Every structure is written in structure tokens, then in C-alpha cells.
Amino acid sequence: MPTFVQILDFIGTFAFAISGIRLASAKRFDWFGAYVVGFVTAIGGGTIRDLLLDVTPGWMTDPIYLICTGLALLWVILFGKYLIHLNNTFFIFDSIGLALFTVVGVGKSLVVGYPFWVAIIMGSITGAAGGVIRDVFINEIPLIFRKEIYAMACVVGGSCYWLCDSLGMQSYACQVMAGTTVFIVRILAVKFKICLPTLSGHG
């Protein structure tokens, strides 16, 4: 039986792959190009995290990530016209992926034995880095560098995980609370146009 974290990882992979494929379809990519964009969106953050933690990236030992991306591509092919008409679809799937991957990144770092401040950074990388690679592939300014609250939501969620753990909560409860926090912060930030101050050019 897969663990709770593995289930989160699979759902996050599917959600992020859909977000990448959805954007690729809007840019008129072919099926293979869309699959590649979906795959790097899904595994990019986790791969960088695993390399930094000195563990083998999950997709190199388990084909489920390739399969998940294939299912996401099939989903978009079958229901693409409905997804394209729903402007919020990309945002919802991206936010779900962001929340779940942040939780997975924090949890995996703690299991390996790193302190919480490292785990929060690794959670943020897991959540946000795949989106950066996706945006580079489709020739967009990465979402993380724009005014929207994105990676900051990962930091808030990771901090929530640490707080829940400090209060002695069970690990799955910490994961649920942290993931929900990332999702809510992201939703509220976009809904109410909350953003970090931008640096103005001088000179």
C-alpha cells in the first residue's frame, strides 16, 4: 500500500502535469512537446530537491511519474476543450500541485534528517521549481518572479508544518495543515491581489 506522502506525491504529479500540459496546449505544442512540458513541471522541483538531498530522484526508480504524466496528457486530450474554457483550471491545478509538493518536500527532507529550516527551503523548491522550468520551456516569465505570491506560499506552508510539528501533532495532520495553508494563501493572494513589493529600477 502506498503511504500518505506517496499518495500526495502522485496527486501532485498529476495536478502539476495537467498545469504544464494545459499551458503547452495554449501555446499550440504537439502531443510530445506537451508531454515533455508536463513531465518537467511534475518532476522538476522534486529532482532538484533530491539532488540537493543526495538521494536518487523518484522518477528514476519508479515509472509512476511517467505514467501519471501520460494520464494527465490523455485527460487534457479528452477534456481539453472544457479545460480551455475554464480559465481558472490552470490556476486550481497549479495551486493543488504547489500545496502537495511543498508538503512532500518538507516531509522527505525531515525523513533524511535535515533540520526544519532546510526542510522549508526544500519544500519551496519542490513546489515552485517545476513551475519555473515549465515557464522557461513555454517562453514565459516564471510565475515565481512576478508579483503574485507563489514561492512565498510554500514558505508559509512549510512554517505551518514546523509549527504543527512543534505542537506535537501527528505527521499526517502536519501535512494536511501545511498543504491546506499553501493552497489557501495562494488562493487569497490572487483573489485579493496581495503581492510582495516590487523593486523599482534606479539610475
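Residues numbered from 1 in each chain as written. Predicted model: local features only at pLDDT ≥ 70, side-chain atom pairs only at ≥ 80, totals over all residues. Heavy atoms only, no water.

So, about the packing of helix α1 (residues 4-26) against helix α2 (residues 31-53). α2 packs onto α1 with a crossing angle of 140° between their chain directions and a minimal axis gap of 7 Å. Overall, the two elements α1 and α2 adopt an arrangement that is oblique. Considering the relative orientation of α1 and α2, their crossing is right-handed. Only A34, V37, G38, T41 and A42 of α2 make contact with α1, whose side of the interface consists of T13, F16, A17, S19, G20, I21 and A24. Its residues assigned to classes, the contact of α1 with α2 shows seven nonpolar, five polar and no charged. (Axes fitted to C-alpha atoms, helices over the stretch in contact; angles between N-to-C directions. Helix = DSSP H or I, 4+ residues; strand = E, 2+ residues; numbered from the N terminus. Parallel < 35°, antiparallel > 145°, perpendicular 65-115°, else oblique. Left-handed = near helix turned anticlockwise from the far one by under 90°. Contact = heavy atoms within 4.5 Å. Nonpolar A, V, L, I, M, F, W, Y, C, P; charged D, E, K, R; others polar.)

Compared with the 33 Å implied by 1.5 Å per residue over 23 residues, the 33 Å span of α1 between its first and last C-alpha is a close match. Directly after α1, the chain includes R28, whose backbone phi takes a positive value near 65°. (Expected span 1.5 Å × (residues − 1).)

Counted at 1.5 Å a residue, the expected span for helix α7 (residues 171-191) with its 21 residues is 30 Å, and the 30 Å between its end C-alpha atoms agrees. Those residues of α7 not exposed but buried are A173, C174, Q175, A178, G179, V182, R186 and A189. Buried residues in α7 make contact with α1, α4 (89-112) and α6 (151-166). At the C-terminal side of α7, K193 shows a positive phi close to 55°. (Buried < 20%, exposed > 50% of the residue type's maximum accessible area, 1.4 Å probe, protein only.)

Within this structure, the stated rule accounts for five salt bridges. One salt bridge in this structure joins R49 and D50, with 2.9 Å as the shortest N-O distance. The buried category is assigned to D50, whose relative accessible area is 1%. The salt bridge partner of R134 is D135, with a shortest N-O separation of 3.0 Å. (Salt bridge = Lys/Arg side-chain N within 4 Å of Asp/Glu carboxyl O.)

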